[in-house]
Number of protein chains: 2
Amino acid sequence: MKRREFFKSATAITASAAAATTLAAPALAQSNPKVSWRLASSFPKGLDTIYGGGETLAKYVSEATDGNFTIDVFAAGEIVPPFEVVDAVSAGTVELAHTVGYYFSGKDVAWAALSAIPFSLNARGMSAWYYHGGGLDLTNEFFAGYNIVGFPCGNTAAQMGGWFRKEINTIADLQGLKMRVGFAGAIMTKLGVIPQTLPGGEIYNALEKGTIDAAEWVGPYDDEKLGFQKVAPYYYYPGWWEGGPTVHALINRDKFNELPPAYQSLLKTAAQATSNDMLAKYDYVNPTALKKLVAAGAQLRPFSPEIMEASFKAANETYAELETSSPAFKKIWDSIKAFRKDYYLWTQVAELNYDAFLQAQQRNNAL
Amino acid sequence: MKRREFFKSATAITASAAAATTLAAPALAQSNPKVSWRLASSFPKGLDTIYGGGETLAKYVSEATDGNFTIDVFAAGEIVPPFEVVDAVSAGTVELAHTVGYYFSGKDVAWAALSAIPFSLNARGMSAWYYHGGGLDLTNEFFAGYNIVGFPCGNTAAQMGGWFRKEINTIADLQGLKMRVGFAGAIMTKLGVIPQTLPGGEIYNALEKGTIDAAEWVGPYDDEKLGFQKVAPYYYYPGWWEGGPTVHALINRDKFNELPPAYQSLLKTAAQATSNDMLAKYDYVNPTALKKLVAAGAQLRPFSPEIMEASFKAANETYAELETSSPAFKKIWDSIKAFRKDYYLWTQVAELNYDAFLQAQQRNNAL
């Protein structure tokens, strides 16, 4: 429904209320017309923080419209398989999806650049790029090719580097290592890793049996539920492939254009508030989970400088190839890269030194 | 207006439309009733990012209600003096204010704890505490005593430590130093500093004449406009007194309770989205400003470990005193402190190491 049509039909209904004051309630609803949407999440309910972002979005939208704009949230696979939600939104089978772009890098690797690729911006950097660095426009130009409008709608913060059965210190230790990993697998291959694809529910058994040697999942809060420390105790950091993954609300373009402008704006505002909320929740729940994991036997290990440097080099080589194969990737990544250079100049001044001082006090047990 | 009253009066208006269909438009507006509020900002328009948060809030709310809930934003002093906005909101002279709590620490030092006190949480930490660590409830319990409801509505990120005419390295260098500074002045006094109060517009001249020796303002983007590098070239970091100040939307409690629930929820959601937006803008504009400042002669200097450690010690002594004098301060600060301990344990794992690696690459000119 276009804005003009919305007002026209609303007026018509109100006029008919002249004949029956019992129609007052429907007439009232017209300023906030009844809209009922379905959201297909790529996340299972068990990942309550990232999955919960879809519910938060729905709650904010419903409350602000007095329950007139409702979004029913369906977990991964309930109505659409988790990695097919983009197709479902493109086709209009569902009005919107809550997902992470890198699941769709098989369509175009630009999908990865707009969510998280190794050594890209952290959560705040991505948000700065999206809302003030042109990211919203650049990504929506790209989404238009899929008949989609998209807004950032959550972030997990920097993730962990995953669980390893043995310690790894050098590139030699990575040779033949079978690791369950996502988009970064293409880069790790250059370092000798043999990437594995496994659903979350199968990781524990595979690690226990030694079918795989390592697996990355999310961060302390989500990882703790799966008990990996019992079978692969070395818990590495940082997850250099996910420094601040942007989760998206992806909306069918036609359905979005049919919304009254007030609802369009509300969706965008609610998504931005959800981004703040999901990050806040991860930041709140991860510390306690980390302490529990360590108490349960997880051994924290930083990736060695050798591994970090080699990974960074391999990532840059991969990006040089991808810039040739995907013009959309090049356009988006060029824009992120230009900002990344300045962003990491500035963050090492006030922000890093403030945090580093308090982190040192934490280690000294002085907080 | 209570929720029930809202529906009642809306119905009444629609019923009267039975007599005249030309009343259709007002009838429509009742689902989004006309509400016109005034916001008193504590910030001048020149601080466009922090002042702009008030305008962003107003824009989000107006758009989502089709222009029915409007908030007119007034800059510092236009209708209320900047440091009197809490009184104005308490009394209902204006419906809401956009301000930083620490301006009102003279009323109760708890006002400072809920915005920023030295060595408290950074921006993400404050957000985690507010939305998932009980902060919203704790602060609103406190605000209720002022007839106020409050939501976080912006954050400046970690600020800089200000501009100094001479280098300072030791506590000895601080003796008798006249510094323009806010709430942290009480703590700096213990280190030998003589705190000064000066409006922003008078700082430059005072530094030039040597009436004061140092001044803190905000961060690169806001500082650059005032040209301090010409008269006090040593630009210190971090601003250990403002690691992530929470800006608030403070709303008269009666006016808030009169809103229909949809508007109440929308205000809260819009404020949370504004928090994301202001931080994103500061993160986007500060890097470029920092480069310009350095090109214009600013000399970046970290506070020495001696000064940081002594400041931390002085802050803790001050807090021990304040916990005795203000029960509200104690309640809020105890809650923040408990989370701070865990938060800075976790942030030094994935987040710090991810950022530190990229910061090192930035210094190597490899980004």
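## Overview of helix α10 (residues 200-209) of chain B
All names here are of chain B. Within α10 the residues assigned to the buried category are Gly200, Ile203, Ala206 and Leu207. Each buried residue of α10 lies within a common arc of 95 degrees when the element is viewed along its axis, so the set occupies one face. Those residues of α10 that are exposed and aimed more than 90 degrees away from the buried face are Gly201 and Lys209. In the core, the buried residues of α10 are packed alongside β6 (178-180) and β8 (214-215). Residue Gly210 follows α10 closely and has a positive phi angle near 85 degrees.

## Overview of the confidence of the model for chain A
Predicted coordinates in areas of low pLDDT are best not read in detail. Residues and elements named next belong to chain A. With 92% of its residues at a pLDDT of 70 or more, chain A shows a mean pLDDT of 92. The low-confidence segment residues 1-29, where pLDDT is below 50, has 45 contacts with residues more than four positions distant or belonging to other chains. For this predicted complex, the interface score ipTM comes out at 0.92, while the overall pTM is 0.92.

## So, the packing of helix α6 (residues 123-132) of chain B against helix α15 (residues 327-346) of chain B
Residues and elements named next belong to chain B. Between α6 and α15, whose axes approach to 11 Å, the crossing angle comes to 120 degrees. By the criterion of interaxial angle, the relationship of α6 to α15 is oblique. Considering only the axes of α6 and α15, their crossing is right-handed. Between α6, through Arg124, Gly125, Met126, Ala128 and Trp129, and α15, the contact on the second element is made entirely by Ile332, Ser335, Ile336, Phe339 and Tyr343. For the contact of α6 with α15, the per-class residue count stands at seven nonpolar, two polar and one charged.

## Re the nonpolar core
Membership of the largest hydrophobic core comes to 249 residues, with the highest contact counts inside it found for Trp240(A), Ile71(B) and Trp240(B). Residue contacts for Ile71(B): discarding those within four places in its chain leaves Trp37(B), Leu39(B), Ala58(B), Val61(B), Leu96(B) and Leu267(B).

## A short note on the interface of chain A and chain B
Contacts between chain A and chain B engage 93 residues on the former and 92 residues on the latter. Counting the surface lost from both chain A and chain B, the interface buries some 8,700 Å², and carbon and sulfur atoms represent 63% of this. In this structure, the connection of chain A to chain B is made through four salt bridges. For the salt bridge of Arg124(A) with Asp283(B), the shortest nitrogen-to-oxygen distance reads 2.8 Å. Elements that contribute at least two residues to the side of chain A that touches chain B include exactly α1 (3-16), α2 (24-29), α3 (48-64), α6 (123-132), α12 (261-295), α13 (305-325), α14 (327-346) and α15 (350-363) of chain A. The element that contributes the greatest number of residues to the side of chain A that touches chain B is α12(A), accounting for 20 residues. Tallied by class, residues from the side of chain A that touches chain B come to 49 nonpolar, 29 polar and 15 charged.

The rules behind these values
- Residues numbered from 1 in each chain as written.
- Chains lettered and ligands numbered in written order.
- Predicted model: local features only at pLDDT ≥ 70, side-chain atom pairs only at ≥ 80, totals over all residues.
- Heavy atoms only, no water.
- Buried < 20%, exposed > 50% of the residue type's maximum accessible area, 1.4 Å probe, protein only.
- Helix = DSSP H or I, 4+ residues; strand = E, 2+ residues; numbered from the N terminus.
- Arc of directions from axis to C-beta.
- Contact = heavy atoms within 4.5 Å.
- pLDDT = per-residue confidence, 0-100.
- Axes fitted to C-alpha atoms, helices over the stretch in contact; angles between N-to-C directions.
- Parallel < 35°, antiparallel > 145°, perpendicular 65-115°, else oblique.
- Left-handed = near helix turned anticlockwise from the far one by under 90°.
- Nonpolar A, V, L, I, M, F, W, Y, C, P; charged D, E, K, R; others polar.
- Core = buried A, V, L, I, M, F, W, Y, C linked by side-chain atoms within 4.5 Å.
- Buried area = accessible area lost by both parts, 1.4 Å probe.
- Salt bridge = Lys/Arg side-chain N within 4 Å of Asp/Glu carboxyl O.

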